[in-house]
Amino acid sequence: MDLFDAKGVTGMLTGKVAIVSGGSRGIGRAIVLELARNGADIVFNYLSNRDKAESLCVEARSLGKKCMAYEVDITEYEKVKTMVDETYAEYGRVDIVVNNAGITRDGALATMPLENWSQVINTNLTGAFNLSRAVIIPMMKQRAGTIINISSISGVYGNARQTNYSAAKAGLIGFTKSLAKEVASYGIRVNAIAPGFIETDMTGDLQEAMIKAIPAKRTGKAEEVAALVSFLCSDSGKYMIGDVIEISGGLVI
Ligand code: NDP
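Residues numbered from 1 in each chain as written. Predicted model: local features only at pLDDT ≥ 70, side-chain atom pairs only at ≥ 80, totals over all residues. Heavy atoms only, no water.

Caption draft 1: Highlighting the site of the ligand. The immediate surroundings of the ligand are formed by 33 residues, with Ser24, Ser48, Asn100, Tyr165 and Thr200 found nearest. One nitrogen or oxygen atom from the main chain of leucine 47 is found 2.9 Å from an oxygen atom belonging to the ligand. Note that an oxygen atom of the ligand is positioned 3.3 Å from one of the backbone N or O atoms of glycine 196. Against a free-state accessible area of 910 Å², the protein chains account for coverage of 95% of the ligand. When residues of the shell around the ligand are traced back to their parent elements, those giving at least two are helix H1 (26-37), strand S2 (41-46), helix H4 (114-142) and helix H6 (163-183). (Near = heavy atom within 4 Å. Polar contact = N/O pair within 3.5 Å; in protein donor to acceptor, adjacent residues only side chain to side chain. Areas by Shrake-Rupley, 256 points an atom, 1.4 Å probe, with all protein chains shown as cover. Helix = DSSP H or I, 4+ residues; strand = E, 2+ residues; numbered from the N terminus.)

Written out as structure tokens, the structure reads:
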């Protein structure tokens with residue numbers, strides 16, 4: 001059987017609906033395109049980058065998939081809930097949730113303003129709570145679904161000048177494992193991905209010396225993270241529950 005149609009869309013996720021937070025750029029953008037290419041209809045949100053969001057929707061639709069983009073701050077529960085309600089009204093279901101929206105506000109704890117702590121926790125950790133909370137009841141009723149949380153190796157191993165970010169990303173791992181245990185019996189699989197250095201706007205100022213420390217001798221590509229997401233969403237990943245998959249080019253061996 002030919003898995004690809006004329007547009008290069010595989011049938012692996014046909015009939016599925018995915019919500020991706022922080023889809024406009026970087027890893028989120030690659031995830032949106034990967035899921036669309038595999039047949040899923042898409043909803044994503046972003047903070048402010050409307051031009052990039054619109055161009056992404058055009059690209060996803062050119063793959064023959066539906067796509068809606070919401071300028072919704074992931075830290076605002078009521079707005080996230082409205083986005084989810086509208087997704088159910090329009091598409092009738094949600095099968096895949098990727099909690100990807102994230103920011104960094106790096107700096108030593110000794111001088112870190114409370115605001116930098118709060119912004120990072122609210123976006124990276126509470127954001128994942130907000131979207132997951134908004135979908136979990138209908139997903140439980142559906143008795144099927146998958147939630148993927150984009151954590152970080154900083155959340156597994158720690159990183160100097162990232163106490164806020166590491167705390168949020170480690171929190172996301174605890175959230176993943178607890179929710180996985182809570183909803184596995186409803187047919188919902190919850191997993192996390194912990195990337196190393198991936199080439200996006202977030203890592204734009206990465207030093208040459210840091211790249212040399214990566215055994216792969218290069219940064220990762222957003223598409224390489226997106227490929228893991230689609231594996232976790234697919235039937236091939238159906239024995240993955242509460243797992244944390246690292247993808248770091250060997251950085252944390
Ligand atoms: P980018 O900075 O390239 O993109 C961040 C995305 O999140 C954008 O789409 C942005 O929207 C969106 N976003 C940020 N804040 C909010 C908010 N409050 N509400 C809604 N959307 C928001 O980041 P990356 O692609 O590099 O990172 C994606 C995820 O992967 C993050 O969770 C990050 O922590 C994680 N990660 C990244 C690594 C890396 O090396 N790049 C390594 C490990 C983990 P807009 O375009 O409107 O600003």
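Caption draft 2: The arrangement of helix H3 (residues 77-91) in detail. Relative to the 21 Å expected for 15 residues at 1.5 Å per residue, H3 spans 21 Å between its end C-alpha atoms, a close match to the ideal helical length. Of the residues making up H3, those classed as buried are Val80, Met83, Val84, Thr87, Tyr88 and Tyr91. Here the buried residues of H3 occupy an arc of 135 degrees about the axis, which is enough to place them on one side. The outward face of H3, more than 90 degrees from its buried face, is lined by the exposed residues Glu78, Ala89 and Glu90. Where H3 is buried, its residues contact strand S1 (17-20), S2, strand S3 (67-71) and H4. Just downstream of H3, glycine 92 is the residue with a positive phi angle, here 80 degrees. (Expected span 1.5 Å × (residues − 1). Buried < 20%, exposed > 50% of the residue type's maximum accessible area, 1.4 Å probe, protein only. Arc of directions from axis to C-beta. Contact = heavy atoms within 4.5 Å.)

Caption draft 3: Up close: the nonpolar core. Core analysis: the biggest nonpolar cluster contains 34 residues, and Ile31, Leu35, Ile42, Phe44, Val98, Ile193 and Val229 have the highest contact counts within it. Once residues lying within four places of it in the same chain are set aside, the contact partners of isoleucine 31 are Val20, Val98, Asn100, Ile150, Ala226 and Val229. (Core = buried A, V, L, I, M, F, W, Y, C linked by side-chain atoms within 4.5 Å.)

Caption draft 4: Seen up close, the side chain of serine 248. Position of serine 248 relative to the elements: it lies in the segment after strand S7 (244-247). By relative accessible area, which is 13% here, serine 248 ends up buried. In contact with serine 248, not counting residues within four places along its chain, are Ile153, Gly196 and Ile214.

Caption draft 5: The arrangement of the environment of aspartate 201 in detail. Turning to its location among the elements, aspartate 201 is positioned in the loop between strand S6 (188-195) and helix H7 (208-212). For aspartate 201, a relative accessible area of 53% translates into the label exposed. Residues aspartate 201 and cysteine 233, 32 residues apart in the sequence, show an inter-C-alpha distance of 26 Å.

Caption draft 6: Expanded view of the sheet that holds S1. Taking strand neighbours across the sheet as the criterion, the seven strands line up as S3-S2-S1-S4-S5-S6-S7 in an open arrangement whose pairing is parallel. Of all the strands in the sheet, the pair left with one neighbour each is S3 and S7. Each strand axis lies, on average, 15 degrees off the axis of its neighbour in the sheet, ignoring direction. Looking at chain direction, strand S4 (residues 96-99) and strand S5 (residues 145-150) are connected through four bridges and run parallel. Across the sheet, residue asparagine 99 finds its bridge partner in S5, namely asparagine 149. The sheet contacts of H1 involve S1, S2, S4 and S5, and relative to S1 the element is tilted by about 175 degrees. Relative to S3, H3 is tilted by about 160 degrees, and along the sheet it contacts S1, S2 and S3. (Pairing = 2+ DSSP bridges. Axes fitted to C-alpha atoms, helices over the stretch in contact; angles between N-to-C directions.)

Caption draft 7: Up close: the pattern of salt bridges. Overall, the coordinates contain eight salt bridges when judged by the stated rule. One salt bridge connects aspartate 201 with arginine 25, and the closest N-O pair in it is separated by 2.7 Å. One end of the pair, aspartate 201, is in the loop between S6 and H7; the other, arginine 25, is in the loop between S1 and H1, and 176 residues separate them in sequence. (Salt bridge = Lys/Arg side-chain N within 4 Å of Asp/Glu carboxyl O.)

Caption draft 8: The arrangement of H6 in detail. When the terminal C-alpha atoms of H6 are compared, their 30 Å separation across 21 residues agrees well with the 30 Å that a helix rising 1.5 Å per residue should span. Every buried residue of H6 is listed here: Asn164, Tyr165, Ser166, Ala168, Lys169, Leu172, Ile173, Thr176, Leu179, Ala180 and Val183. Against the buried residues of H6 lie H4, S5, helix H5 (153-157), S6 and S7.

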